[in-house]
Amino acid sequence: RALIRALLSGESPTELFASLGMVSAATYSLVAFQLLRSAAEPRGLSTLVATRRRARRIEALLVDRFGPDLLVGIDGDEGVILTSETCLAALGSLRDFSRSVHAALVSGSEGPVRLVVAPPVPERELPARRHELRRLLDIASRLDLPAVPVLRDDLTLEIVAADSADRLASVLSPLDDHPELRSTLETWLAADRNRTLTARRLHIHPNTLDYRLGRVRDLTGLELTSTRGLALAVLSVLAKRLHQRRV
């Protein structure tokens, strides 16, 4: 843990590496994760004890499965994993690695886990990368994205929406007094613009769907049949959700 803290704080822990009989790597891939709690879990002292035991169990499981070169640090419900590019190459692609780590975390925590993985970077860039992954986990949490392993680039749309959340969210402001229209737009986009599926999910007639989407266009100015309008609609829906779930 001291080694991880040093690496993520921007220090150069040469002596610490030597004392542990380890060699610093040229680059590291960083994993950030959240252990999602169940509402039924107990609180209080028993939870603190259980959390510490869970952390030890997860750390032991990861080291046993991936080897001692994997650096693991868990603090409460959050954690980080560092692996060298050499170690990563032996484990397969970055996506394969993310899936394997996620499966181990789910097994060790006995619960859902949200996880983001970034490509290898030099040691000096780890603090900035850690800050970036914390932000991505926050974005994923606020959007209530599925607790599955994702790569940093998988969240490109969400990052763009978060960077301009206020401006993009304002595009849908005309729908604030028409929740059924906003729900229709979100459902339609989630169904990949499939008219039949959207109508079925909303329990409405396809013609009613067409009418509602026409109202969305009239109120917001979004041309949902154009590439630009569709892209703006997707980003605006994401931004509106982020804007409403600020922490």
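Details of the structure are given in the entry above.
Only a predicted model underlies this, so the values are computations on that prediction, with no experimental measurement involved.

Some points on the overall build of the protein
Helix and strand counts for the protein come out as 12 helices and 6 strands. Put simply, the protein has 247 residues, and 45% of those count as buried. Long-range pairs, those at least 24 residues apart, make up 68% of the contacts in the protein with a sequence separation of at least 6. When the 34 positive and 30 negative side-chain charges of the protein are each reduced to one mean point, those points stand 4 Å apart.

Structural notes on the pattern of salt bridges
Across all of its chains, the model carries 13 salt bridges by this definition. In this structure, Arg 135 engages Asp 163 in a salt bridge whose closest nitrogen and oxygen atoms are separated by 2.6 Å. Separated by 28 residues along the polypeptide, Arg 135 in helix α6 (residues 126-142) and Asp 163 in helix α7 (residues 156-163) bring together distant segments of the chain. The partner of Asp 176 in a salt bridge is Lys 240, and the shortest N-O contact between them spans 3.0 Å. Separated by 64 residues along the polypeptide, Asp 176 in the loop between α8 (165-169) and α9 (179-190) and Lys 240 in helix α12 (residues 227-244) bring together distant segments of the chain. Taking relative accessible area as the criterion, Lys 240 reaches 7% and is therefore assigned buried. Each of Arg 129, Glu 132, Arg 152 and Asp 153 takes part in one network of salt bridges that share partners.

Things to note about the packing of α7 against α12
Look at α7 against α12: their axes get within 8 Å of each other, and the N-to-C directions meet at 65°. For the crossing formed where α7 meets α12, the hand is right-handed. Counting all contacts with α7, which are made through Leu 157, Glu 158, Val 160, Ala 161 and Ala 162, the residues of α12 involved are Val 234, Leu 235, Leu 238, Ala 239 and Leu 242. Taken together, the residues of the contact of α7 with α12 break down into 9 nonpolar, no polar and 1 charged.

A short note on the nonpolar core
The biggest cluster of nonpolar side chains holds 30 residues, and the ones touching the most others in it are Leu 7, Leu 82, Val 116, Leu 126, Leu 133 and Ala 161. By residue number, the principal contributor to this core is α6, which donates 5 residues. Setting aside its immediate chain neighbours within four residues, Val 116 contacts Leu 30, Val 31, Ala 32, Leu 133, Leu 136, Leu 137, Val 150, Leu 151, Arg 152 and Leu 155. Within the second largest apolar cluster, 21 residues are counted, among which are Ile 58, Val 72, Phe 97 and Val 113.

Section: the environment of Ser 93
With respect to the element layout, Ser 93 can be found in the loop between α4 (85-91) and α5 (94-109). Ser 93 gets classed as partly exposed once you look at its relative accessible area, which sits at 36%.

A word on the pairing of strand β2 (residues 71-75)
Counting buried positions over the 5 residues of β2 gives 4, a clear majority of the element. Connecting β2 to the antiparallel partner strand β3 (residues 78-84) that follows it, the hairpin turn spans 2 residues, and Gly 76 within it adopts a positive phi of roughly 70°.

A closer look at the environment of Pro 112
Structurally, the position occupied by Pro 112 is in the loop between α5 and β4 (113-117). Note: C-alpha distance between Pro 112 and Asp 192 (80 residues apart in sequence) is 26 Å. When residues no more than four places from it in sequence are discounted, the contact partners of Pro 112 are Gln 34, Leu 35, Leu 36 and Ala 147.

Observations regarding α5
Between the first and last C-alpha of α5 there are 22 Å, a value that for 16 residues agrees with the 22 Å anticipated at 1.5 Å per step. Among the residues of α5, those classed as buried are Leu 94, Phe 97, Ser 98, Val 101, His 102, Ala 104, Leu 105, Gly 108 and Ser 109. Across the axial projection of α5, the buried residues extend over an arc of 165°, all falling on one side. Residue Glu 110 follows α5 closely and has a positive phi angle near 55°.

Brief notes about the environment of Arg 167
Along the chain, the position of Arg 167 falls in helix α8. On the basis of relative accessibility, which here comes to 60%, the residue Arg 167 falls in the exposed class. In the structure, Arg 167 is positioned 59 residues away from Ser 226 in sequence and 20 Å away in space, judged by C-alpha atoms.

Observations regarding the pairing of β3
It is a general feature of regular strands that their side chains alternate between the two faces of the sheet. In terms of burial, β3 is a largely internal element, 6 of the 7 residues being buried. Summarising the sheet, β2 and β3 pair through 5 bridges and their orientation is antiparallel. In the sheet register, Leu 71 faces β3, and the bridge partner there is Leu 82.

A short note on α12
With 18 residues, α12 should cover 26 Å at 1.5 Å per step; its first-to-last C-alpha distance of 26 Å lies within 8% of that length. Those residues of α12 lying buried are Gly 229, Leu 230, Ala 233, Leu 235, Ser 236, Val 237, Leu 238, Ala 239, Lys 240 and Leu 242. If you follow the buried residues of α12, they end up packed against α6, α7, α8 and α9.

Conventions we followed
- Residues numbered from 1 in each chain as written.
- Predicted model: local features only at pLDDT ≥ 70, side-chain atom pairs only at ≥ 80, totals over all residues.
- Heavy atoms only, no water.
- Helix = DSSP H or I, 4+ residues; strand = E, 2+ residues; numbered from the N terminus.
- Buried < 20%, exposed > 50% of the residue type's maximum accessible area, 1.4 Å probe, protein only.
- Contact = heavy atoms within 4.5 Å.
- Lys, Arg positive; Asp, Glu negative; His and termini not counted.
- Charge placed at Lys NZ, Arg CZ, Asp CG, Glu CD.
- Salt bridge = Lys/Arg side-chain N within 4 Å of Asp/Glu carboxyl O.
- Axes fitted to C-alpha atoms, helices over the stretch in contact; angles between N-to-C directions.
- Left-handed = near helix turned anticlockwise from the far one by under 90°.
- Nonpolar A, V, L, I, M, F, W, Y, C, P; charged D, E, K, R; others polar.
- Core = buried A, V, L, I, M, F, W, Y, C linked by side-chain atoms within 4.5 Å.
- Pairing = 2+ DSSP bridges.
- Expected span 1.5 Å × (residues − 1).
- Arc of directions from axis to C-beta.

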